[in-house]
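# Examination of the molecular architecture
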Amino acid sequence: MPLEHGSLIDPNLLVSSVRQGYPWVGWGIGKGVTHLRNDISIFAVPKEQKSGLHSHLIQGFPNVDPPELCYKPNHIHGFDGFIRWIYLSHPHDAKQDVLGIDWGIGPRPTSGITTSVLSVAVLCQNVMRHGMSPKTRVALLDPNLSEITFNRSMIESHCLFTVQDWAQSASCVFHVRSLYCPRCGLKTFSSASYRFCYRCGADPNLVHKEVYHG
Ligand SMILES: [Zn+2]
């Protein structure tokens, strides 16, 4: 079924700094949210491109804020444990589809974005269990829907390319005694007894608690 105009990435709605050479112009876009700890994913294909749809998907669930408040840094409940993502559908070849996940280390864990590599891994476990193709490529996105290329060497060294790659990394790369930081993903622990990541300041035990227990 051909997608309607509003369901395609429209370059005119991108900020000018990313419009030039944007890789997903003309691709289909769907929007979804997945809870890190509850067994819930919600997916919608928009009829028109506008911001705020993610916040509407979670209305009615407990411990979430109304649409406008959700996105604010001083929110009360925010998105609770829901994470926002977009599904980018290649016009001709589903094998090239991309899962775009909102990412940022700074914001609060209730901001609706992944704030640690461990949360990306758990999100991928959940969306895969909910039916997304394991071979879907993962792209971490900034607020302008641009793929973040920092940590590229970390991502390549662990072969974290697809939903399945990320899903498996939760237990084999970013486990609580790993030498790799579960927040920034860098190899910052030379001994499992070290408590804090020297790059991002994370305490691995607290990151695991935050992701698995909220
Ligand atoms: Zn770190």
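Here goes a summary of the coordinates provided. (Residues numbered from 1 in each chain as written. Predicted model: local features only at pLDDT ≥ 70, side-chain atom pairs only at ≥ 80, totals over all residues. Heavy atoms only, no water.)

## Some words on the layout of surface pockets
Of the voids in this model, the largest pocket is the one considered here, and its volume is about 770 Å³. Around the largest pocket, the lining comprises 28 residues; the ones closest to its centre are Ser51, Arg84, Asp102, Pro143 and Leu145. At the level of elements, β1 (28-35) and β3 (82-89) are the ones that each hand at least two residues to the lining of the largest pocket. Grouping the constituent residues of the lining of the largest pocket by class yields 14 nonpolar, seven polar and seven charged. (1 Å grid on protein atoms, 1.4 Å probe; cavity = no way out; pocket = protein on both sides within 12 Å on 5 of 7 lines; lining within 4 Å. Points joined across faces, edges and corners; volume = space filled by probe spheres on them. Helix = DSSP H or I, 4+ residues; strand = E, 2+ residues; numbered from the N terminus. Nonpolar A, V, L, I, M, F, W, Y, C, P; charged D, E, K, R; others polar.)

## Regarding the coordination of the zinc ion
The protein atoms that coordinate the zinc ion are Cys181 (SG), Cys184 (SG), Cys197 (SG) and Cys200 (SG), at distances of 2.3 to 2.4 Å. If you look at the zinc ion, its four donor atoms make angles of 101 to 118° with each other, and the shape they trace is tetrahedral. Written as a sequence motif, the donor arrangement for the zinc ion is C-x2-C-x12-C-x2-C. Judged by relative accessible area, which is 28%, Cys200 ranks as partly exposed. (Donors = N, O, S within 2.8 Å, 3.2 Å for Na, K, Ca; no water. Tetrahedral: all angles 85-135°; square planar, octahedral: opposite > 155°, others 65-115°. Buried < 20%, exposed > 50% of the residue type's maximum accessible area, 1.4 Å probe, protein only.)

## What about the packing of helix α4 (residues 117-129) against helix α6 (residues 163-172)?
It is at 7 Å that the axes of α4 and α6 come closest, and there the two elements cross at 120°. Between α4 and α6, the interaxial angle falls into the category oblique. In the crossing of α4 with α6, the sense of the turn from one axis to the other is left-handed. The segment α4 lies against α6, with Val117, Leu118, Val120, Ala121, Cys124, Gln125, Val127 and Met128 engaging Val163, Gln164, Trp166, Ala167, Ser169 and Ala170. By residue class, the composition of the contact of α4 with α6 is 11 nonpolar, three polar and no charged. (Axes fitted to C-alpha atoms, helices over the stretch in contact; angles between N-to-C directions. Parallel < 35°, antiparallel > 145°, perpendicular 65-115°, else oblique. Left-handed = near helix turned anticlockwise from the far one by under 90°. Contact = heavy atoms within 4.5 Å.)

That's the geometry; what it means functionally is another story.
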